[in-house]
There are 2 protein chains.
Amino acid sequence: MKATVIHGPGDIRFEEVPDPRIEAPTDAVVKVHTSCICGSDLWPYRGEDAVAEPRTIGHECLGIVEEVGADVTSFAPGDFVVVPFDHCDNTCPACRLGVQSACVNYGVTRSGQAEYARVTQAEGSLVKIDGAPDADLIPALMSLSDVMATGWHAAVASGVHEGGTAVVVGDGAVGLCGVLAARELGAETIIAMSRHQPRQDLARRFGATHIVAERGREGVAAVKEILGGIGAESTLECVGNGPAFEQAFRVTRPGGTVGFVGVPHGVEAPVEVMFRKNIGLRGGVAPVRRYLPDLLDRVLSRRLDPGPIFDLTLPLDRVADGYRAMDERTAIKVLLQP
Amino acid sequence: MKATVIHGPGDIRFEEVPDPRIEAPTDAVVKVHTSCICGSDLWPYRGEDAVAEPRTIGHECLGIVEEVGADVTSFAPGDFVVVPFDHCDNTCPACRLGVQSACVNYGVTRSGQAEYARVTQAEGSLVKIDGAPDADLIPALMSLSDVMATGWHAAVASGVHEGGTAVVVGDGAVGLCGVLAARELGAETIIAMSRHQPRQDLARRFGATHIVAERGREGVAAVKEILGGIGAESTLECVGNGPAFEQAFRVTRPGGTVGFVGVPHGVEAPVEVMFRKNIGLRGGVAPVRRYLPDLLDRVLSRRLDPGPIFDLTLPLDRVADGYRAMDERTAIKVLLQP
């Protein structure tokens, strides 16, 4: 099949690789219907994660089941499915506790930006959509594979609740989905920290009540002014680097919580600040499968529409242009279709 | 007055210092009735915190109000009071959120192990006991100034709840109070990690359902065996050093929470483990005043008795012997009376 392969920093190629196949009775192979590029794909693209040897890349997709292993009984070829980027059996103790992202049989989609992808633990991971979804819902459905569920996780982990206050650090697709999640979970004040006009506009459309463009000390002061001199109860850290982490803790009120979902890169938790101000830290890899049925309901009923995070759609064979656009921040998130 | 003064590592003297006096209208001066030595007093005693110059030490006491400033209207000379080690106005935004330990007018008792102590923010901090308490309740009441409230905070921060599972790391007085708190908050399984027979016995008496004497890898394996192969939902970190922190995270299940109350010394949060396993970290300086009325009710009604953590009582002028006993771990916690 044709697949996206990363050869090294900045070197994305769409080329021939071996077809994925059923390797275990718990596997399924899915024909990719729609895929996309994740902010975390930019880590190796930018050389911030090592690329030891060429490998397929892309962990988000919607697809049509092509083939299933012997243990997969709830899905059959032809089913339209959302593929959570993190695969789980949905039965182990961690899964039963709602932490499917720490499943004992954890797996990840390895060739989402390709013609086919293998899903390990298909029975526990996949969620079927009856019939073929309306075409205009595809972007929103696509977001459920990772980014919307991850933004949701940031909101849940940071304790967003009806009437609460939330600050979102990071105006990438995850951060914008975090704004949407905070709105859905009832936060009264939602501050998006963003310096980019189109992202600010989208944040407002998604429910941000305030935009803070300043960073550092000025950003902290601006947030506190909005929040009556004290920081936020819930801060959604949606980047994963040191400056974002620092910003997140500085805008959080005593007793508040930083919910972190950006894959940590060279990040340290400020344990002494946390101790002195009783600020909690919680989050991690989103247990997509846990949230998926609920999020799917919200999307199919057209109550929740994260679709606008995709501001560029490209044919799959132009995937390299998509990486470039996201790297240069000319696109928020790129949708890929065969 | 006579007060305990630390001159440097291992050098505790009971000597004459100036009397504390009302310095602000929000102050009170309390005649110390009972005091004690805290595990955290051992940090400077052991040279792990610097002692730049001789200073009075001791932050826990029960006392009788001697004098109040003009703004203190709820207390009068002669009142018997519990003095939270952390003083707060109990009205600022942080206090109203239940984080009195991050009060904008935060203060700390500086001469608890002395004849008199000054309480800043007396109106917000002190809690009165009507009449003179029964003598046998004094140790339990003494524990409310810090250690019992701190153990309670560890349990609350780590999310202990009815039917939950808890591991307590640290068998000092705070850890033992953490066991008691976990029992009061309804945990079904409470594992105390302790290698010392008398502390193990006390942990059992306080509600520990299991004792794990092993540390490191063996300790983790023993905890997991008790908890069905997975770690604890709530882990109470009651030490504050690196090995204890590491132990705490290793015995916590995916999605669980480490509640930390040991003053952090050279501690790092394992952000990547937290991310991968969705383990939360929350805690800090205990907001004693928040818990005090409830804890006082429990003690006065003789439902809660942390008193046995005091296994050595000394006259105040033998305070140096008390430090030595705690440093050598021949005493868990030392009560001091004039």
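Our subject is the structure listed above.
Fair warning: this is a prediction, and the values are worked out from it, not measured in the lab. (Residues numbered from 1 in each chain as written. Chains lettered and ligands numbered in written order. Predicted model: local features only at pLDDT ≥ 70, side-chain atom pairs only at ≥ 80, totals over all residues. Heavy atoms only, no water.)

## Digging into empty space enclosed by the protein
Which parts of space are left empty comes out when a probe the size of a water molecule is rolled across the atoms. Using the following cut-off: Definitions used for this entry: grid spacing 1 Å over protein atoms alone; cavity, a set of points where a 1.4 Å probe fits but cannot get out; pocket, an open set with protein on both sides within 12 Å along at least 5 of 7 lines; lining residue, one with an atom within 4 Å of a point. Grid points are joined across faces, edges and corners, and a volume is the space filled by probe spheres set on the points. Secondary structure elements follow DSSP: runs of H or I no shorter than four residues count as helices, runs of E no shorter than two count as strands, and numbering proceeds from the N terminus. The nonpolar class holds Ala, Val, Leu, Ile, Met, Phe, Trp, Tyr, Cys and Pro. Asp, Glu, Lys and Arg form the charged class, and all remaining residues, Gly among them, are polar.
Tallying each qualifying case throughout the model produces 2 cavities of 30 Å³ or more. Of the voids in this model, the largest cavity is the one considered here, and its volume is about 40 Å³. Residue lining of the largest cavity: Val168(A), Gly170(A), Asp171(A), Leu176(A), Val179(A), Ala192(A), Met193(A), Ser194(A), Arg199(A) and Ala203(A), and that is the complete set. Listing elements by their share of the lining of the largest cavity, those giving two or more residues are helix H6 (173-184), strand E12 (189-193) and helix H7 (197-206) of chain A. When the residues that make up the lining of the largest cavity are grouped by side-chain class, the tally is 6 nonpolar, 2 polar and 2 charged. Taken as a whole, the second largest cavity encloses approximately 30 Å³ of empty space. What lines the second largest cavity is Val168(B), Gly170(B), Asp171(B), Gly175(B), Leu176(B), Val179(B), Ala192(B), Met193(B), Ser194(B) and Ala203(B).

## Structural notes on the relation of the copies chain A and chain B
These two copies of the chain differ by a rotation about an axis and a displacement along the same axis. For clarity, the threshold we go by: To superpose the copies, least squares is applied to the C-alpha atoms of every residue with a pLDDT of at least 70 in both. Whether two residues are in contact is decided by their heavy atoms, any of which lying within 4.5 Å being enough.
Note on the identical chains: chain A maps onto chain B by a rotation of 180 degrees and an axial translation of 0.0 Å, with an RMSD of 0.0 Å. Classification of the inter-copy transformation places it as that of a two-fold axis. Rotation axis and chain A: the residue whose C-alpha lies nearest the axis is Leu281(A), separated from it by 2.6 Å. Mapped onto chain B, 100% of the interface residues of chain A again fall at the interface, so both copies present the same surface.

## Brief notes about the interface of chain A and chain B
To keep it simple, the criterion reads: Each of two parts loses accessible area, computed with a 1.4 Å probe, when they are put together; buried area is these two losses added. Basic side-chain nitrogens of Lys or Arg form a salt bridge, by our definition, when they fall within 4 Å of a carboxyl oxygen of Asp or Glu. Think of a polar contact as two N or O atoms within 3.5 Å of one another; within protein, one of them needs to be a possible hydrogen donor and the other a possible acceptor, and neighboring residues in sequence only count if both atoms come from side chains.
Between chain A and chain B, the contact holds 36 residues from the first and 36 residues from the second. Summing both partners gives a buried area of about 2,700 Å² for chain A against chain B, and 66% of it is carried by carbon and sulfur. In this assembly, chain A and chain B are joined by 0 salt bridges. Joining chain A to chain B, the criterion identifies 11 residue pairs in polar contact (both at pLDDT 80 or more).

## Side note on the packing of helix H5 (residues 147-157) of chain B against helix H6 (residues 173-184) of chain B
All names here are of chain B. Selection criterion: Lines fitted to the C-alpha atoms define the axes, with helices restricted to the stretch that makes contact. Angles between their N-to-C directions range from 0 to 180 degrees. For classification, angles of less than 35 degrees are called roughly parallel, those exceeding 145 degrees roughly antiparallel, those between 65 and 115 degrees roughly perpendicular, and all remaining angles oblique. The hand of a helix crossing depends on one turn: near helix anticlockwise from the far one by less than a right angle means left-handed, and clockwise means right-handed.
Following both chains from N to C, one finds H5 and H6 inclined at 55 degrees, their axes separated by 7 Å at the closest point. What the angle tells us is that H5 and H6 run oblique. Considering only the axes of H5 and H6, their crossing is right-handed. Contacts from Val147, Met148, Thr150, Gly151, Trp152 and Ala155 in H5 reach Ala173, Val174, Cys177, Gly178, Leu180, Ala181, Ala182 and Glu184 in H6. When grouped by side-chain class, the residues that make up the contact of H5 with H6 number 10 nonpolar, 3 polar and 1 charged.

## Observations regarding the packing of aromatic side chains
Where we set the bar: For Phe, Tyr and Trp, rings pair up if their centres lie within 6.5 Å, where Trp contributes its six-membered ring, and each pair is then called stacked (planes under 30 degrees apart), edge-to-face (over 60) or tilted (otherwise). Using a 1.4 Å probe on the protein chains alone, a residue whose accessible area is under 20% of its type maximum counts as buried, one over 50% counts as exposed, and one in between counts as partly exposed.
Overall, the coordinates contain 8 aromatic pairs over all chains when judged by the stated rule. Summarising the aromatic geometry, the rings of Tyr45(A) and Tyr323(A) are spaced 5.3 Å apart at their centres and angled 40 degrees between planes, so their arrangement reads as tilted. Of the two residues, Tyr45(A) sits in helix H1 (residues 42-45) while Tyr323(A) sits in helix H12 (residues 319-327), which places them 278 residues apart along the sequence. A single burial state applies to Tyr45(A) and to Tyr323(A), both of which are buried. Judged by centre distance (5.7 Å) and plane angle (85 degrees), the rings of Phe245(B) and Phe260(B) are edge-to-face.

## Description of the pattern of salt bridges
This model, assessed by the stated rule, comprises 36 salt bridges over all chains. Ionic pairing is found between Asp327(A) and Arg46(A), a salt bridge with its closest N-O pair at 2.7 Å. Taken together, the residues Asp327(A) in helix H12 and Arg46(A) in the loop between H1 and strand E4 (55-56) connect sequence positions 281 residues apart. Overall, the relative accessible area of 28% leaves Asp327(A) in the partly exposed class. The class of Arg46(A) is partly exposed, set by a relative accessible area of 40%. Note that Asp27(B) and Arg118(B) form a salt bridge whose closest N and O atoms lie 2.6 Å from each other. Here Asp27(B) is found in the loop between strand E2 (11-16) and strand E3 (28-36), whereas its partner Arg118(B) is found in strand E9 (residues 116-119), with 91 residues between them in sequence. Overall, Arg118(B) belongs to the partly exposed group, its relative accessible area being 24%. Several salt bridges share partner residues, and in doing so they unite Arg183(A), Glu184(A), Asp294(A), Arg298(A) and Arg303(A) into one network.

## Considerations on unusual backbone geometry
Residue and element names in this part refer to chain B. You will see that asparagine 278, though not glycine, has its phi angle at about 55 degrees, which is positive. One non-glycine residue, arginine 302, adopts positive backbone phi at about 60 degrees. Inspection of the secondary structure assignment puts arginine 302 in the loop between helix H11 (288-300) and strand E17 (310-315).

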